[in-house]
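Summary of the model geometry
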Amino acid sequence: MKNIVVLISGSGSNLQAIIDATANNPHCRVVGVLSNKESAFGLERARKAGIETAAIDHTQFDSRLDFDNALIKQIDLWQADLVVLAGFMRILTDQFVQHYSGRLLNIHPSLLPKYKGTNTHQRALDAGDTEHGCTVHFVSEELDGGAAIIQAATPIEQRDDVDSLIKKVHQLEHKIYPIAVSWFASNRITLNGDRVYLDGSPLGETGYIYRA
Ligand code: GRF
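Residues numbered from 1 in each chain as written. Predicted model: local features only at pLDDT ≥ 70, side-chain atom pairs only at ≥ 80, totals over all residues. Heavy atoms only, no water.

So, about the domain arrangement of the chain. Often, the extent of an interface is quoted as the loss of accessible area upon association of its parts. Split into domains, the chain comes out as domain 1 (1–100) and domain 2 (107–212). For domain 1 versus domain 2, the distance between C-alpha centres works out to 20 Å. Taken together, the contacts link 19 residues of domain 1 with 15 residues of domain 2. When the buried area of domain 1 at its contact with domain 2 is split by residue, Lys 2, Asn 14 and Val 97 rank highest and sum to 32% of it. Summed over the shared surface of domain 1 and domain 2, the result is zero salt bridges. Linking domain 1 with domain 2 are six residue pairs in polar contact (both at pLDDT 80 or more). Within the residue set of the side of domain 1 that touches domain 2, elements represented by two or more residues are β1 (2–8), α1 (13–22), β4 (82–85) and α4 (94–99). (Domains from an automatic or database assignment. Contact = heavy atoms within 4.5 Å. Buried area = accessible area lost by both parts, 1.4 Å probe. Salt bridge = Lys/Arg side-chain N within 4 Å of Asp/Glu carboxyl O. Polar contact = N/O pair within 3.5 Å; in protein donor to acceptor, adjacent residues only side chain to side chain. Helix = DSSP H or I, 4+ residues; strand = E, 2+ residues; numbered from the N terminus.)

As structure tokens, then:
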């Protein structure tokens with residue numbers, strides 16, 4: 001049984017999708033949810049599901065490293081096998097990333113390697129792209145630069161704007177994040193160097209392509 005800890009800062013809709021999907025999974029369970037914001041709605045979702053929560057306010061720390069060390073202390077208390085970033089809006093230090101190397105996942109709202117960083121939906125629209133989407137990836141020291149596990153795309157239509165795209169991509173996020181978590185929990189994915197293997201076969205730069 002693998003222990004999952006989820007880090008959030010906001011609504012936690014991805015957290016909810018993972019809670020729902022793991023409820024009947026014999027290989028894993030969400031043991032703790034950690035937020036840098038006491039008011040994050042995701043903490044409410046966790047409490048409702050009977051999951052332990054903690055809030056660690058980053059503004060109370062002198063440095064990123066002090067904050068990250070406080071996070072590590074709490075995450076390790078929960079004996080996490082897997083750490084899942086789900087809308088956690090703090091940049092993590094290299095020390096944190098290395099501590100959880102090979103067991104730290106993030107979801108990014110773009111078809112990586114396109115559009116690392118912020119404003120991904122607007123950037124896809126501005127570029128006149130015909131599709132947009134999201135990617136679950138292992139976290140490396142490079143921002144949004146770790147090896148991709150699974151990716152899902154949605155067409156960009158004439159009538160789409162940032163809000164409609166956010167909605168469409170969110171729906172895909174809720175599908176692929178639980179898949180990536182369950183693959184990890186049942187030892188189907190491994191990270192070797194900067195390459196991800198699914199059931200022993202290497203995945204390409206975009207990870208496994210999810211089809212609805
Ligand atoms: C998602 O859009 C995700 O791609 C990004 O943060 C957002 C979190 O949304 N990393 P929610 O809190 O899970 O609803």
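In total, this model carries seven salt bridges according to the counting rule given. With a shortest N-O distance of 3.2 Å, Asp 129 and Lys 114 are connected by a salt bridge. Taken as a pair, Asp 129 in the loop between α5 (120–126) and β6 (131–138) and Lys 114 in the loop between β5 (104–108) and α5 lie far apart in primary sequence, 15 residues in all. On the basis of relative accessible area, Asp 129 is assigned to the buried category, the value being 14%. (Buried < 20%, exposed > 50% of the residue type's maximum accessible area, 1.4 Å probe, protein only.)

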